[in-house]
Amino acid sequence: MQVDWSKHELLESEPVAEPLIAGGIRCHGGFDEQGTYVSPRTKNRWPAIRAWQQQRQEQFGTPLLDIALDTWPGAYPNVAQAKYLLGEGVAQPIIARLTQIGTVEGFGSMIRYSPIPDLQRCFAEEITGTATWHLGRGLYEAHARDEAGYKSEGGHKQMWFAARDIAFEHPLTEDQTQIMMDRLFGYGGAAGAGSVEPVNSDVDQSLELLINSMARLLLIEISAYHVFAWAEEVLADAELVAGEGEAARLVSYIRADEAPHVEYLKTTLSEMRDRTFVGESGRTYPGTDVVGTIWDRARAESVGVRHEQNVRMVHREIEHCLEDNPRGTDILARFDALAH
């Protein structure tokens, strides 16, 4: 079972018979001889993740850190609300939502700049040959390229924008996109994490920050499954959007690409949770205390304040789009009634 991989190996893609062209842009991935979509950079990344998961299970025998999808708040607006707005000719909030998702995906390129401390120094047990060991050896870089593209190839940012442009027939200019994003983020949609109280001041604080960012990123990736399901169903409705389902198919490709992100993040956090942290003083601490506390805090924040913040942001955008609509009050009331 191979558990040590080079950066080159983790970034290697399967050959494809046909490239993925989305909205006229050559994007990553492509299709095999049978026409099945093949995600980029997964030739060795999937075997590596499975090997690390098997190794961790054999060493520690603990469940993989996870959260049940059905315990997570659903997408907002929900499918019925989105289709109602489109049926009323109010497409702008859905266009804004797709634009927001694509913009946030583009931020994923920043993960490659995450500071990574001397990880072996931080743990009592060996970490060579783990997902943790490979964060700066290809995993973060693969994640960054998936989200924002690499060189001439588009990534998820470009694919979400292409899905929007196909479904709504190029609804925005660059200037309009910027104005929309400024307005959305002005509602509080881009609020930062703020200062985070350390769980253990003796633990390397750059490691705590790394775990915090991974926990939040994993929770975003898991919650995105609701977003994928929502977008695929809405964009597949040929009576409401253009493209004869092409936009929904693009979203399904993004969903496939995100799966290794979820698995390597779950694996890394589980590896750290199962180990013993070594503090700056030389004292040791159970990983269950450090990672468990960070995970519980991030989960509560994600399903609580961050979800509520997103709902407020989307609702204010809908209110904005209905300001000059003579039936705006009635449409908003009906929209709100469909929330449950």
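Residues numbered from 1 in each chain as written. Predicted model: local features only at pLDDT ≥ 70, side-chain atom pairs only at ≥ 80, totals over all residues. Heavy atoms only, no water.

Student: What exactly am I supposed to notice about helix α3 (residues 79–87) here?
Tutor: Each full turn of the α-helix corresponds to 3.6 residues, which orients residues three or four apart in the same direction. What α3 keeps buried is the set Q81, A82, Y84, L85 and L86. Looking at the buried residues of α3, the elements they touch are α4 (92–107), α7 (156–168), α9 (205–235), α11 (287–321) and α12 (328–337). Measuring from the backbone nitrogen of A80 back to the side-chain oxygen at the start of α3 gives 3.1 Å, which picks out N78 as the cap. (Buried < 20%, exposed > 50% of the residue type's maximum accessible area, 1.4 Å probe, protein only. Helix = DSSP H or I, 4+ residues; strand = E, 2+ residues; numbered from the N terminus. Contact = heavy atoms within 4.5 Å. Polar contact = N/O pair within 3.5 Å; in protein donor to acceptor, adjacent residues only side chain to side chain.)

Student: What's the story with the pattern of salt bridges in this structure? I'm lost.
Tutor: Should their charged atoms come close, side chains of opposite charge can pair. According to the stated counting rule, one finds 19 salt bridges in the structure shown. Taken together, the shared-partner salt bridges connect R41, R45 and D146 into one network. (Salt bridge = Lys/Arg side-chain N within 4 Å of Asp/Glu carboxyl O.)

Student: Which parts of the structure should I look at to understand the side chain of E208?
Tutor: As for its placement among the helices and strands, E208 is situated in helix α9. Summary of buried charges: E208 has no salt-bridge partner, and the nearest side chain of opposite charge, R297, is 5.0 Å away. Among all residues touching E208, those that are not within four sequence positions of it are P198, V199, N200, V203 and I294. (Lys, Arg positive; Asp, Glu negative; His and termini not counted.)

Student: Help me understand the side chain of R97 in this model?
Tutor: As for its placement among the helices and strands, R97 is situated in helix α4. Put simply, R97 is tucked away with no salt bridge, and the nearest opposite charge, on E105, sits 10 Å away.

Student: Please explain the sheet that holds strand β2 (residues 25–31) as it appears in this structure.
Tutor: Strand pairs in the sheet, formed through backbone hydrogen bonds, run parallel or antiparallel to each other. Strand order in this open sheet of three strands is β1-β2-β3, and the pairing throughout is antiparallel. This sheet does not close on itself; its edge strands, each paired only once, are β1 (18–22) and β3 (37–38). In the packing of α7 onto the sheet, the strands contacted are β1, β2 and β3, and the crossing angle to β2 comes to about 100°. (Pairing = 2+ DSSP bridges. Axes fitted to C-alpha atoms, helices over the stretch in contact; angles between N-to-C directions.)

Student: What exactly am I supposed to notice about the pairing of β1 here?
Tutor: When a strand is regular, its side chains alternate between the sheet's two faces. Of the strand pairs in this sheet, β1 and β2 are connected by five bridges, and their pairing is antiparallel. Along β2, the bridge assignment pairs E18 with F31. With antiparallel pairing between neighbouring strands as the criterion, β1 and β2 make up a hairpin whose turn holds two residues, including G23 at a positive phi of roughly 60°.

Student: Would you take a moment to explain unusual backbone geometry for this structure?
Tutor: A negative phi angle characterises most non-glycine residues, just as the trans form characterises most peptide bonds. Y76 connects to P77 through a cis peptide bond whose omega is -5°. Examined against the element boundaries, P77 turns out to sit in the loop between α2 (45–60) and α3. With a phi close to 55°, R41 is a non-glycine residue in the positive phi region. Looking at the secondary structure, you find R41 in the loop between β3 and α2. The class for R41 is buried, based on a relative accessible area of 5%. Not every positive phi belongs to a glycine, and E169 is a case in point at roughly 55°. If you trace the backbone, E169 turns up in the loop between α7 and α8 (174–189).

Student: Can you walk me through the packing of α2 against helix α10 (residues 246–274) in this structure?
Tutor: To characterise two packed helices, one gives the angle between the axes of the helices and the distance between these axes. Close contact between α2 and α10 brings their axes to 10 Å; oriented N to C, the two are set at 25°. In terms of axis orientation, α2 runs roughly parallel to α10. Regarding α2 and α10, the two cross each other, and that crossing is left-handed. Here α2 contributes R45, W46, I49, W52, Q53, R56 and F60 to the contact with α10, which in turn contributes A259, P260, H261, E263, Y264, T267, S270, E271, R273 and D274. Grouping the constituent residues of the contact of α2 with α10 by class yields seven nonpolar, four polar and six charged. (Parallel < 35°, antiparallel > 145°, perpendicular 65-115°, else oblique. Left-handed = near helix turned anticlockwise from the far one by under 90°. Nonpolar A, V, L, I, M, F, W, Y, C, P; charged D, E, K, R; others polar.)

Student: Please explain a negative patch on the surface as it appears in this structure.
Tutor: On the surface, E319, E323, D324 and D336 cluster together into a patch of negative charge. Relative to the assigned elements, D336 resides in helix α12. (Patch = residues over 30% accessible without salt bridge, like charges linked within 9 Å, V, L, I, M, F, W, Y side chains within 5 Å. Areas by Shrake-Rupley, 256 points an atom, 1.4 Å probe, with all protein chains shown as cover. Charge placed at Lys NZ, Arg CZ, Asp CG, Glu CD.)

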